[in-house]
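# Topology and contacts: notes
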Amino acid sequence: MDIKTNEVLDAKGLACPMPIVKTKKTIQNLDAGQVLKVEATDKGSIADMKAWADKAGHQYLGTTEENDVLSHYIRKSSDEESQEKHHPHVVENDALQLFDEDTLILDVREAAEYAFGHIPGAQSIPLGELDERMDEIDDMKNIYVVCRTGTRSDMAAQKLAAKGYNHVYNVVPGMSGWTGETTKSN
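Please read all numbers here as calculations on a predicted model, not as lab measurements.

Quick look at unusual backbone geometry now. Omega for the peptide link from Cys16 to Pro17 comes to 10 degrees, which places this bond in the cis form. Assignment of secondary structure puts Pro17 in the loop between strand S1 (7-11) and helix H1 (18-28). In this structure, the amide linkage connecting Val172 to the following residue, Pro173, adopts the cis form with an omega of 5 degrees. Tracing the chain through its elements places Pro173 in the segment after strand S9 (168-172). The phi dihedral of Asn67 falls on the positive side, at around 55 degrees, and the residue is not glycine. Of note in the backbone geometry, Asp68 takes a positive phi value of approximately 65 degrees without being a glycine. Take Asp68: it is sitting in the loop between strand S3 (59-66) and strand S4 (69-75).

Pairing is mixed across the open sheet formed by four strands, whose spatial order is S1-S2-S4-S3. The sheet terminates laterally at S1 and S3, the two strands that pair on one side only. Ignoring strand direction, the axes of neighbouring strands in this sheet form an average angle of 20 degrees. Contacts from H1 reach S1, strand S2 (35-40) and S4, with the element oriented near 155 degrees to S1.

Helix H5 (residues 151-162) packs onto helix H2 (residues 45-56) with a crossing angle of 65 degrees between their chain directions and a minimal axis gap of 10 Å. The hand of the H2/H5 crossing is left-handed. Along the contact surface, H2 presents Asp48, Ala51, Trp52 and Lys55, while H5 presents Arg152, Asp154, Met155 and Gln158. In terms of residue class, the contact of H2 with H5 is built from three nonpolar, one polar and four charged.

In this section: the pairing of strand S8 (residues 142-146). Among the five residues that make up S8, four are buried, leaving the element largely enclosed by the rest of the structure. With five bridges connecting them, strand S6 (residues 103-107) and S8 associate as parallel partners. The residue of S8 that forms the bridge with Leu104 is Ile143. Bridging between S8 and S9 involves three bridges; their strand directions are parallel. Residue pairing in the sheet places Val145 in a bridge with Asn170 of S9.

With that settled, the discussion passes to the pattern of salt bridges. The full count for this structure, using the stated rule, is eleven salt bridges. Across the salt bridge formed by Glu129 and Arg133, the nearest N and O atoms sit 2.7 Å from each other. Its relative accessible area of 34% is what places Glu129 among the partly exposed residues. Given a relative accessible area of 21%, Arg133 falls into the partly exposed group. One network of salt bridges, in which partners are shared, links Asp10, Lys12, Lys37 and Glu39.

The rules behind the values
- Residues numbered from 1 in each chain as written.
- Predicted model: local features only at pLDDT ≥ 70, side-chain atom pairs only at ≥ 80, totals over all residues.
- Heavy atoms only, no water.
- Helix = DSSP H or I, 4+ residues; strand = E, 2+ residues; numbered from the N terminus.
- Pairing = 2+ DSSP bridges.
- Axes fitted to C-alpha atoms, helices over the stretch in contact; angles between N-to-C directions.
- Contact = heavy atoms within 4.5 Å.
- Left-handed = near helix turned anticlockwise from the far one by under 90°.
- Nonpolar A, V, L, I, M, F, W, Y, C, P; charged D, E, K, R; others polar.
- Buried < 20%, exposed > 50% of the residue type's maximum accessible area, 1.4 Å probe, protein only.
- Salt bridge = Lys/Arg side-chain N within 4 Å of Asp/Glu carboxyl O.

The following block contains the structure:
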């Protein structure tokens, strides 16, 4: 499949949040309607790119994969369309010290990230699986969404709020700044 693009961004070898950070910078230099191709090797970028494009108001066209390289295609919206939204309820890491039976810590990092170190008791649902697994989340609890830096968790918090979850909080800076106890999965 030969897709016409206006610019190609090489994000191969980069992990979250860098493919998104570089995409944000690069797409600013495009005109409305132009298409950006982002080449990445991070499997988590599949869900991240789609969620970011939706959040930023750009059109996510799709992703192809060839030889372990993912090619994401995003059409830049007009300036009026692209007002990036953020989840309004943000808390810092120390808010998780108040963890009780009415609290759910939802870790939206990839399964491998979760396996090698997560907050004890956190429930793992990677961002890319959230739409299909949302029914596993108790909507009666206060939901604290965590990822590595606060980017994926922001996108997940917005998705949850849009589906009617009322007490959703994005935790920043997330695991990159977590100094509390962690545990590994077997």
